Each structure stands twice: as structure tokens, then as C-alpha cells.
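As a plain string of letters, each chain reads:
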Amino acid sequence: MVDEPSRISTWALRVVVYGGAVTGLALSAAAFVVDDAPLWWVLVGAPLAVCCGLLVFVWLRFRLRHRSPEARRRAVEAMAARRDTVGRPLERSRIAKRATRHKKPVLAAGVPTTAVVQFLASAHRASQFRHLVYLELEVVGPDGARYLVKTGEYLDASSAGSVAPGRVLQVKVDPVDPDRVAVDWERSLRLT
């Protein structure tokens, strides 16, 4: 279900967009009709007419394609579902890539502990020998508390087949930022 905007915000947006389109057209037209018109009329009017005019065109096209409120609601929900389908893997890929930047310092100075793999997905980035994966780990903190961390790791062929949800891994946690976690693959692959 998609949240509905309030009526005030919807009408305010319409006033801004329609007003921008009309103002842009009026300034552009006036710049060509009036002798010695200031240059800013064209510089402001043309982009305003194009941007707001395109928004008006898209809105009118959507309304003509989906005439009933029910059809519009279904179309908006379908667009939201497509956005989630495409956006989620991209977000996971960004998180995984960003998390790999801090692996070496965390492995060198981190506090050793364990983590359980909760979720594993491809981050759609690979080199010849390694594949980037997105991981959600339930980490056991130094105080014994459990918390969820979203991270990424590069897996090679020897470790790729042994990592799955439910698998216990040896990790090191950054003492300053407990959300920075690095998997100690040498110790993890020796676990039974």
C-alpha cells in the first residue's frame, strides 16, 4: 500500500507546477513580443516553461491513461513495486561496496567475536576470482548483546559455497564503530 499525500500538499504542488508553467510561458512570450525586454525574462521563462510544462504533460498523460481513482491507485502501487524491485539490489550493492573499504583496519585492530548470517545476496559486482556479496549479520557484541549489521564481503570460490543463512562466522568488530564488521575468513572456514 502506498501512502497518500495530503490534499493540501497535492494542491500546493499543483499550484506551483501549473503556476510555473504559465509564468514560464508568459515570460517567454512577453520576451519576444515586447521591444527591449530584459534578458532575464527569457533566461527564467524558458527553463521554467520547459520543466513545469513537462511535469504538467506527464501528469495529464497519467490521468488520461488511468481515468478512475482505482486505476490510478493500482498504477501507483505497481510503480512502487517496480521501484522496490530495482532499488533494493542497488541499495544492497552500495552498502556492500561501502562496507569493504574498512575491512583491513577492522581486521587488524578489531575485537574478535561471532556473528550469524541472517541474509545473503549477490551485490552484482565481481572480479575474475572474487564476488561481492551483501550480508546481514547478527553480531554478538562484546557485552553479549546481539545486533544486526548490514555489510559486504568479497568471497572467493573456497568460501562462497560455505556461507549461507544460519552459518556462524568469526568476525572482528571495530571498537569505535560497532557497525563496522569484518569477517575473519581464515578462522571462519575452520569452524565446524
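The structure we're discussing is the one just above.
Residues numbered from 1 in each chain as written. Predicted model: local features only at pLDDT ≥ 70, side-chain atom pairs only at ≥ 80, totals over all residues. Heavy atoms only, no water.

Participant: Looking at this structure, how should I read the packing of aromatic side chains?
Facilitator: Any two aromatic rings considered together are summarised by their centre-to-centre distance and by the angle between their planes. Taken as a whole and judged by the stated rule, the model has three aromatic pairs. Pairing Y18 with W59 gives two aromatic rings, centres 5.9 Å apart and planes at 80°, and the pair type is edge-to-face. Within this pair, whereas Y18 is found in helix α1 (residues 7-33), its partner W59 is found in helix α2 (residues 39-65), the two being separated by 41 residues in sequence. Just above the ring of W11 sits the side chain of R14; from NZ or CZ to the centre is 4.8 Å. (Phe/Tyr/Trp six-rings, centres within 6.5 Å; stacked < 30°, edge-to-face > 60°. Helix = DSSP H or I, 4+ residues; strand = E, 2+ residues; numbered from the N terminus. Lys NZ or Arg CZ within 6 Å of the ring centre and 35° of its normal.)

Participant: When you look at the nonpolar core in this model, what are you seeing that I'm missing?
Facilitator: Generally speaking, nonpolar side chains in soluble globular proteins are found buried as a group. Counting 15 residues, the largest nonpolar core has L137, V139, L169, V171 and V181 as the members making the most contacts within it. Broken down by element, the residue count for this core peaks at four residues, all from strand β2 (residues 131-140). Counting residues in each nonpolar core, the second largest holds six residues, with A96, A121, A123 and L132 among its members. (Core = buried A, V, L, I, M, F, W, Y, C linked by side-chain atoms within 4.5 Å. Buried < 20%, exposed > 50% of the residue type's maximum accessible area, 1.4 Å probe, protein only.)

Participant: Mind showing me how you'd approach the packing of α1 against α2 here?
Facilitator: If you want to describe how two helices pack, look at the angle between their axes and the distance between the axes. Running from amino to carboxyl end, α1 crosses α2 at an angle of 135°, the nearest separation of the two axes being 7 Å. Judged by the angle between their axes, α1 and α2 are oblique. In terms of crossing hand, the pair formed by α1 and α2 is left-handed. Among the residues forming the contact of α1 with α2, the class breakdown is 18 nonpolar, six polar and two charged. (Axes fitted to C-alpha atoms, helices over the stretch in contact; angles between N-to-C directions. Parallel < 35°, antiparallel > 145°, perpendicular 65-115°, else oblique. Left-handed = near helix turned anticlockwise from the far one by under 90°. Nonpolar A, V, L, I, M, F, W, Y, C, P; charged D, E, K, R; others polar.)

Participant: Teacher, can you tell me more about the pairing of strand β3 (residues 146-155) here?
Facilitator: If a strand is regular, its side chains alternate between the two faces of the sheet. Of the pairings in the sheet, the one linking β2 to β3 comprises 10 bridges and is antiparallel in character. Of the residues in β3, the one forming a bridge with L137 is V149. Hairpin connection from β2 to β3: five residues lie between these consecutive antiparallel strands, with G144 at a positive phi of about 95°. (Pairing = 2+ DSSP bridges.)

Participant: What is the right way to look at the side chain of D184 in this model?
Facilitator: Topologically, D184 is positioned in the loop between β5 (181-183) and α6 (185-189). Using a relative accessible area of 14% as the deciding quantity, one classes D184 as buried. Setting aside its immediate chain neighbours within four residues, D184 contacts L107, Q170, V171 and K172. (Contact = heavy atoms within 4.5 Å.)

Participant: It is not clear to me how α1 should be interpreted in this structure. Could you clarify?
Facilitator: Within an α-helix, residues lying three or four positions from one another point in the same direction, as the helix has 3.6 residues per turn. Between its first and last C-alpha, α1 extends 38 Å over 27 residues, near the 39 Å set by a 1.5 Å rise per residue. Residues of α1 that are buried: V17, G20, A21, G24, L27, S28 and A31. The elements touched by buried residues of α1 are α2. (Expected span 1.5 Å × (residues − 1).)

Participant: Would you explain α2 in this entry?
Facilitator: Taking 1.5 Å of rise per residue, 27 residues should cover 39 Å, and α2 covers 39 Å from first to last C-alpha, within 8% of that figure. Turning to α2, its buried residues number three or more, namely W41, G45, A49, C52 and V56. Residues of α2 that are buried make contact with α1.

Participant: What should I look at first to understand the pairing of strand β4 (residues 168-173) in this one?
Facilitator: Burial of β4 is extensive: five of the six residues sit out of reach of the surface. Relative to β5, β4 runs antiparallel, the two being bridged by three bridges. Along β5, the bridge assignment pairs V171 with V183.

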